[in-house]
Amino acid sequence: MRFTLSKAVLLGLLAAAPLIQGAPHGTSPTHRDLSISGTSEFATRDVIVDDGTDEPIKRRSIWDIIGPRGIPRLGDKPPKDRDPPTTSGPGRTNPPDNEHGSPGSTTKPAAFADANKEKARAKGEKLENDLVQTIFNDKPDTGSKTPVVSTTLEYKAVSKKSAPIGPNNGDYLKEFGIQGTNKETWKARLIYKDNGESSKKAPIVETTQDIEQGAIAVKQSWNKERDPSPKAPWTQMVMDNWRSTSGDKVKDLKYMIRDNIQEIDTRDSSGIVLNTPVAIREAYSKMGANTHNSLTLNPKSTKADEVAAYELMAAQTHVARVLQLLKDYHQELGNLRITKIHLTHVDHDVARSYNIVIEFGH
C-alpha cells in the first residue's frame with residue numbers, strides 16, 4: 001500500500017486522537033469507536049465519556065479535528081456582527097445598544113436649547129457610557145493604589161470624629177435614609193501638605209465616612225487651589241480615604257454626599273463652561289420641579305427631560321469626578337454605578353444653597 005504525505009498526516013492525527021479525546025482523570029470511556037476502514041475513511045461516531053454523573057460528556061469526533069481533505073480544522077471564526085454576551089451577574093451590565101440616552105435607558109434625552117448646556121449634556125452622556133463599557137469589558141482598574149500618605153507623594157493625613165452635619169443644623173440626610181449628625185459613627189480624614197498652600201486647618205481634601213451606612217461625605221475639595229502641583233488626583237485621594245477607613249467593606253459604598261457646593265464657573269479642556277449650582281437650577285427647570293423640594297434624577301428614566309437633566313448633572317465637576325472614581329476603581333468597588341442623583345438643600349424653606357446625594361448600586 002502506498003502512502004501519500006496527506007495519508008501519513010491523517011494516520012498521525014488518528015493515532016493522536018485517543019490522547020486528544022481521552023477521558024478526564026479518574027474517568028473511563030464507555031466506548032471509543034475509532035477504527036480504520038481502508039486508508040482514508042475514519043469512524044465518525046461521537047466519543048462518549050462517563051464522568052460519574054447522570055449526564056455523560058460528549059467528546060468531539062475525529063471529524064471535529066480534521067476535515068474530509070485531511071486538513072486540520074482551526075475552528076470557526078465568530079461573526080463580525082456578533083452581539084456582546086448577555087450577563088445578569090452583580091455589577092455586570094450590557095453596554096447600551098441604543099444610539100441615544102444614558103446606558104440602560106432607551107430614552108432619547110431632550111436637548112437643551114442653550115448650546116453650552118447641550119454640549120455639557122453630551123459630555124455627561126459620554127462619561128456614563130465610558131463607565132458602562134469599562135465595567136462590561138471587565139477592564140483592570142486604572143486608578144493608582146499607592147497610599148496617598150507616603151514618602152513618594154509627600155501628602156499627610158489626619159483623622160478625627162466628625163459628622164457631616166452639625167448637631168444644631170437639622171439633618172436633611174434623613175430624607176434619604178442616612179443619619180448625618182452623630183459624630184461617634186462618622187470618621188473624618190483630611191489630606192494636606194505643610195507647604196504654605198495647605199495645612200491641617202486648610203486641607204486639600206476632607207471626607208468623613210460612616211462605614212456601617214456605606215456613606216462618604218466630601219466636606220472640602222480644594223485640589224486646584226491648595227495643590228497646584230498635584231502628585232495625586234482627587235479620585236485617588238477620596239478613594240484612599242474610603243479604603244483606609246472601610247477596610248474589608250470597601251465594596252459596601254452606597255452614598256456619596258457633596259455639600260458646600262460653590263457657584264464657580266470652570267471651563268473644561270474642550271471649552272465647555274461648567275457650574276454645578278447653575279446646572280442644578282436648570283435640572284429643576286427642565287423637570288418643572290418645585291425648587292423648595294428635593295429632586296431625584298434616575299439615569300434609566302423613561303422621561304426624556306429626566307435623562308437630559310441627569311446627563312447635564314453628570315458633566316458637572318461634583319458628579320463627573322465621582323463617575324471617574326467609579327471607573328478608575330470599578331474592580332475594587334465591585335462595579336458600582338450611579339443609580340440616582342438627589343438634588344437637595346440643607347433647608348428647603350430657604351432653598352438658597354444646594355447639596356447633592358449620589359446613590360450607588362448595580
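Structure: see above.
Residues numbered from 1 in each chain as written. Predicted model: local features only at pLDDT ≥ 70, side-chain atom pairs only at ≥ 80, totals over all residues. Heavy atoms only, no water.

Engineer: In this structure, what is going on with the overall build of the chain? I would like to understand it.
Structural biologist: A tally of helices and strands in the chain yields 8 helices and 15 strands. By residue count, 42% of the 362 residues in the chain fall in the buried class. A separation threshold of at least 6 residues defines the contact pool for the chain, and within that pool the share at least 24 residues apart is 62%. Here the chain displays about 19,200 Å² of accessible surface, and carbon together with sulfur accounts for 49% of that area. (Helix = DSSP H or I, 4+ residues; strand = E, 2+ residues; numbered from the N terminus. Buried < 20%, exposed > 50% of the residue type's maximum accessible area, 1.4 Å probe, protein only. Contact = heavy atoms within 4.5 Å. Areas by Shrake-Rupley, 256 points an atom, 1.4 Å probe, with all protein chains shown as cover.)

Engineer: What exactly am I supposed to notice about the environment of Met287 here?
Structural biologist: Tracing the sequence through the fold places Met287 in helix H5 (residues 276-287). Relative accessible area serves as the criterion here: at 24%, Met287 is assigned to the partly exposed category. Along the chain, Met287 and Lys303 lie 16 residues apart, while their C-alpha atoms are 9.5 Å from each other. With sequence-adjacent residues up to four places away left out, Met287 is seen in contact with Leu295, Leu297, Asp305, Glu306 and Ala309.

Engineer: Help me understand the sheet that holds strand E14 (residues 337-344) in this model?
Structural biologist: With respect to topology, 8 strands assemble into an open sheet ordered E6-E7-E8-E9-E10-E15-E14-E13, the strand pairing being mixed. A single partner strand is all that each edge strand has here, and the edge strands are strand E6 (156-161) and strand E13 (295-297). Taking each pair of neighbouring strands and ignoring which way they run, the sheet shows an average axis angle of 20 degrees. Pairing geometry for strand E10 (residues 255-258) and strand E15 (residues 355-361), over 4 bridges, is antiparallel. (Pairing = 2+ DSSP bridges. Axes fitted to C-alpha atoms, helices over the stretch in contact; angles between N-to-C directions.)

Engineer: Would you mind going over the environment of Pro228 with me for this structure?
Structural biologist: Structurally, the position occupied by Pro228 is in the loop between helix H3 (223-226) and helix H4 (234-246). Taking the C-alpha atoms as reference points, Pro228 and Glu197, 31 residues apart in sequence, are found 8.7 Å from one another.

Engineer: What's the story with the pairing of strand E7 (residues 187-192) in this structure? I'm lost.
Structural biologist: Within a regular strand, the side chains alternate between the two sheet faces. In terms of residue burial, E7 counts as a mostly covered element, since 5 of its 6 residues are buried. Direction of pairing for E6 relative to E7: antiparallel, over a ladder of 6 bridges. Within E7, the position partnered with Ser159 by the bridge is Arg189. Relative to strand E8 (residues 205-210), E7 is paired through 5 bridges, and the arrangement is antiparallel.

Engineer: I tried to follow the environment of Ala232 on my own but got confused; where do I start?
Structural biologist: Structurally, Ala232 can be placed in the loop between H3 and H4. By relative accessible area, which is 2% here, Ala232 ends up buried. Separated by 85 residues in sequence, Ala232 and Pro147 have C-alpha atoms that sit 9.7 Å apart. Aside from chain neighbours lying at most four places away, what touches Ala232 is Leu153, Tyr155, Asp227 and Met237.

Engineer: Quick question: what am I supposed to make of H5 here?
Structural biologist: For the α-helix, the turn length of 3.6 residues means that residues three or four positions removed from each other point alike. For H5, built from 12 residues, the straight-helix expectation of 16 Å at 1.5 Å per residue is met to within 8% by its first-to-last C-alpha distance of 17 Å. Taken together, the buried positions of H5 are Thr276, Pro277, Ala279, Ile280, Ala283, Tyr284 and Lys286. Buried residues along H5 sit against strand E12 (273-274), E13, helix H6 (304-315), helix H7 (317-328), E14 and E15. With its phi angle positive at about 65 degrees, Gly288 sits one or two positions after the end of H5. (Expected span 1.5 Å × (residues − 1).)

Engineer: Please clarify how the packing of helix H2 (residues 115-136) against H6 should be interpreted in this entry.
Structural biologist: Helix-helix packing: each pair is described by the crossing angle between the helix axes and the interaxial distance. Two numbers describe how H2 lies on H6: the axes approach to 7 Å, and their chain directions differ by 85 degrees. The angle between H2 and H6 places the two elements in the roughly perpendicular class. Here H2 contributes Lys117, Ala120, Arg121, Lys123, Gly124, Glu125, Leu127 and Glu128 to the contact with H6, which in turn contributes Ala308, Tyr310, Glu311, Leu312, Ala314 and Ala315. Here the residues of the contact of H2 with H6 sort into 7 nonpolar, 1 polar and 6 charged. (Parallel < 35°, antiparallel > 145°, perpendicular 65-115°, else oblique. Nonpolar A, V, L, I, M, F, W, Y, C, P; charged D, E, K, R; others polar.)

Engineer: Even after reading the chapter, I still don't get the packing of H5 against H6, so can you show me in this structure?
Structural biologist: Axis separation between H5 and H6 bottoms out at 9 Å; the angle between their running directions is 180 degrees. Comparing their axes, H6 and H5 come out roughly antiparallel. Packed against H5, whose contacting residues are Thr276, Ala279, Ile280, Glu282, Ala283, Lys286 and Met287, the element H6 presents Asp305, Glu306, Ala308, Ala309, Leu312 and Met313 at the interface. Here the residues of the contact of H5 with H6 are counted per class, giving 8 nonpolar, 1 polar and 4 charged.

Engineer: Sorry, what's going on with H7 here?
Structural biologist: The end-to-end C-alpha distance of H7, which contains 12 residues, comes to 16 Å, matching closely the 16 Å that a straight helix rising 1.5 Å per residue would cover. For H7, the set of buried residues is His318, Val319, Ala320, Val322, Leu323, Leu325, Leu326 and Asp328.

Engineer: Where do I start with the nonpolar core in this structure?
Structural biologist: In summary, soluble globular proteins display a tendency toward joint burial of nonpolar side chains. Ranked by internal contacts, the top residues of the largest apolar core, which has 53 residues, are Met256, Met313, Leu333, Ile338, Leu343, Ile356 and Phe360. Ranked by size, the runner-up nonpolar core spans 12 residues in total, among them Phe176, Ile178, Ala217 and Tyr255. (Core = buried A, V, L, I, M, F, W, Y, C linked by side-chain atoms within 4.5 Å.)

Engineer: Teacher, can you tell me more about the pairing of E10 here?
Structural biologist: Taking every second residue as pointing to the same face, both faces of E10 are buried, with Tyr255 and Ile257 on one and Met256 and Arg258 on the other. Here strand E9 (residues 215-221) pairs with E10 via 4 bridges, running parallel. Within E10, the residue paired with Val218 across the bridge is Arg258.

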